[in-house]
Amino acid sequence: MKYFLAIIGGGPAGYTAAEKASKAGKEVVLFEQNAVGGTCLNVGCIPTKSLLYGAKQYYNATHAQKYGVTAEHVAFDFAAMQKRKTIVVRKLVAGIKQRLNNGHSTLVSGFAKIVSRTDETVTIQCGEQTYEAENLLICTGSTNFVPPIPGIQNNPAVWDSTDALAATELPQSIIIVGGGVIGMEFATLYHELGVPVTVIEAMPTILPNLDQEVVQVLLDKYRKAGINILTSTKVEAINGGQVTANGTVYEAERILVSVGRRANLQGLEALNDLELNRGAIIVDEFMKTNLPNVYAAGDVTGKVMLAHVAARQAEVMVGRLLKQIPLQRIAYNAIPSVVYTNPEIATVGLTEQQVRDFYTEMEGEAGLAKAGGVETFYEVRKLPMTFSGRFMAENEGETGLCKMIIDAKKQTILGVHCIGNPCSEFIAAASFAVRNGYTLAELQQVVFPHPTVSEILHEMI
Ligand code: NAD
């Protein structure tokens, strides 16, 4: 049989595309070498959130005095937390398989390799069998990047995030190289379970791509709580559990390296004229590559490495392939993202720095001077989260911060950046506002339920 669409990789991009195209009655074959669900479901978003939730329960129980509760003999069982995590993952994987069980999609287990491609047919080998399809969608994802630091390779003390998630015992102590999203989420997990944590970040700040005022709230809290966070610190060498950075030696039982991820291109060698940019596949706004019947979605495109972006890219791609009118595009200006620290950080749209950089580049020195400075182009509104009554009731000792970036002329909301629990649960409301170009006056007319932490968005107006 010749399939309409062959998909390599069963992560959020791959399974979303398979479900959408097969539901439309198209014959789809989906190749996955591990479990469906990809990195996010099996060794990323879901297992980390399961473990982080366990750690938060323990942490809250041991810090409940501020709410008038004393809990004695509080203990945790890390192996039990891991077991629960595995069950959560297994159930979700089964759910995805169920969703693909619609008579039009075929799931093939194994490593898929492109054999050949013409504009009419892509031929793929998996195991002993070959498969033909009219169109190909590459969703091969990404893997943890291993930086060229001496002593990192074949060092049993060194973990990546997948090793850390598989461990059944907690380390006695840990050094985390890279204070990005993965690094800070694992720092939270280990710290809340009582493991001494050192974070070593090469840039002058952790989470360098986020709003830095928001990040500063986290930094202050984590440093005060005893997490050793070193910034502008470059790792020079690793030897067993010893890390030499800026001339000083730090030691721990384990070293977790989380310095970014790189696109997976294995199996695609036969597509030798596929255009890449810095090791990731170049796609247009409909996820089409430079080859007529080849598309790519998710981390392999190197655009925004987030599961929800991958899934949305897949939806857009299938819409384009099925020629659905109106053709949809992705609103890259309104992608929400969350860092599951405690407190959580949730953000959508442009940061103040991005707006400043944009106008500085557009106007140039002379243009900015004439306009009266870059600040004339945007407004910033800020409030501590304590302006929400619900936040006050549930976050003793925390202040949090919510920051809104507004287009000065149009009064539209360009970005919202928050720190404070549970901002991950209402950032979608801010995404609506940014995605639909709401003005402050329009947002003002939206009724927010009381008492909820989401009211902070309304307080801002
Ligand atoms: P990242 O890009 O978020 O952070 C990597 C960090 O490592 C950066 O701060 C960088 O400056 C630092 N770094 C790089 N080289 C270094 C070195 N030699 N020494 C010290 N620091 C160094 O990457 P990540 O944390 O590995 O995450 C990978 C991807 O997965 C990201 O795109 C992230 O968005 C995604 N992810 C998302 C979530 C979420 O949405 N909650 C969770 C985990 C991962």
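In this report, the structure presented in the accompanying data block is examined. (Residues numbered from 1 in each chain as written. Predicted model: local features only at pLDDT ≥ 70, side-chain atom pairs only at ≥ 80, totals over all residues. Heavy atoms only, no water.)

We now examine unusual backbone geometry. The bulk of non-glycine residues show a negative phi, and the bulk of peptide bonds are trans. At the junction of Ile 325 and Pro 326, the peptide bond is cis and its omega measures out at -5° in the coordinates. His 450 connects to Pro 451 through a cis peptide bond whose omega is -5°. Notably, His 73 is not glycine yet its phi reads approximately 55°, a positive angle. Residue placement: His 73 occurs in the loop between α3 (45–62) and α4 (78–99). For His 73, a relative accessible area of 78% corresponds to the exposed category. Phi angles above zero are rare outside glycine, and Met 287 is one such case at about 70°. Judged by relative accessible area, which is 0%, Met 287 ranks as buried. (Helix = DSSP H or I, 4+ residues; strand = E, 2+ residues; numbered from the N terminus. Buried < 20%, exposed > 50% of the residue type's maximum accessible area, 1.4 Å probe, protein only.)

On inspection of all chains with the given rule, the structure shows 14 salt bridges. Between Arg 117 and Asp 119 there is a salt bridge, and its shortest N-O distance comes to 3.1 Å. Note on Arg 117: relative accessible area 23%, which makes it partly exposed. Residue classification places Asp 119 among the partly exposed positions, given a relative accessible area of 45%. Among the ionic pairs, Glu 213 bridges to Lys 382, the shortest N-O distance being 2.7 Å. Pair noted here: Glu 213 is in helix α7 (residues 212–225) and Lys 382 is in strand β22 (residues 378–383), with a separation of 169 residues, a long-range link. By relative accessible area, which is 32% here, Glu 213 ends up partly exposed. Classification of Lys 382 as partly exposed rests on a relative accessible area of 42%. Linked by salt bridges that have partners in common, Asp 211, Glu 213, Glu 352, Lys 382 and Lys 403 make up one network. (Salt bridge = Lys/Arg side-chain N within 4 Å of Asp/Glu carboxyl O.)

Let's shift gears to the sheet that holds strand β24 (residues 413–419). Ordered by their spatial adjacency, 5 strands build an open sheet running β20-β21-β24-β23-β22, and the pairing between neighbours is antiparallel. The open sheet has two edge strands with one neighbour each: β20 (336–339) and β22. Strand-to-strand twist across the sheet, computed as the mean angle between neighbouring axes with direction ignored, equals 10°. Taken together, the 5 bridges between strand β21 (residues 345–349) and β24 define a ladder with antiparallel strand orientation. (Pairing = 2+ DSSP bridges. Axes fitted to C-alpha atoms, helices over the stretch in contact; angles between N-to-C directions.)

This part covers the site of the ligand. Residues in close proximity to the ligand total 19 residues, the closest being Ile 182, Glu 185, Glu 201, Gly 260 and Val 338. Within the side chain of Glu 185, an N or O atom sits 2.9 Å from a nitrogen atom of the ligand. Between an oxygen atom of the ligand and a side-chain N or O atom of Glu 201, the distance comes to 2.6 Å. Coverage of the ligand by the protein chains reaches 77% of its 840 Å² of free accessible surface. The leading source of residues in the shell around the ligand is helix α6 (residues 181–192), at 3 residues. Class assignment for the residues of the shell around the ligand results in 12 nonpolar, 4 polar and 3 charged. (Near = heavy atom within 4 Å. Polar contact = N/O pair within 3.5 Å; in protein donor to acceptor, adjacent residues only side chain to side chain. Areas by Shrake-Rupley, 256 points an atom, 1.4 Å probe, with all protein chains shown as cover. Nonpolar A, V, L, I, M, F, W, Y, C, P; charged D, E, K, R; others polar.)

Another point: the packing of aromatic side chains. In this structure the tally under the stated criterion is 5 aromatic pairs. With centroids separated by 4.8 Å and ring planes inclined at 70°, the aromatic side chains of Tyr 58 and Phe 76 adopt a geometry described as edge-to-face. With Tyr 58 in helix α3 and Phe 76 in the loop between α3 and α4, this pair connects stretches of sequence that are 18 residues apart. Accessibility expressed as a relative area gives 29% for Phe 76, which makes it partly exposed. By way of ring pairs, the aromatic residues Phe 358, Tyr 359 and Phe 377 are connected into one cluster. Here Lys 26 stacks its cationic end above the ring of Phe 4, 4.7 Å away from the centre of that ring. Geometry around Phe 145 places Arg 262 over its ring, the cationic atom sitting 4.0 Å from the centre. (Phe/Tyr/Trp six-rings, centres within 6.5 Å; stacked < 30°, edge-to-face > 60°. Lys NZ or Arg CZ within 6 Å of the ring centre and 35° of its normal.)

It is worth spelling out the nonpolar core at this point. In terms of nonpolar packing, the biggest core is built from 58 residues, with Leu 5, Ile 7, Phe 31, Leu 136, Leu 137 and Ile 138 touching the most fellow members. Ranked by residue count, the leading element in this core is helix α8 (residues 307–321), at 7 residues. Not counting chain neighbours up to four residues away, the residues in contact with Phe 31 comprise Ala 6, Ile 7, Ile 8, Gly 9, Gly 10, Val 108, Ala 112, Ile 124, Cys 126 and Tyr 131. With 36 residues, the next largest nonpolar core counts Val 195, Ile 206, Val 215 and Leu 401 among its residues. (Core = buried A, V, L, I, M, F, W, Y, C linked by side-chain atoms within 4.5 Å. Contact = heavy atoms within 4.5 Å.)

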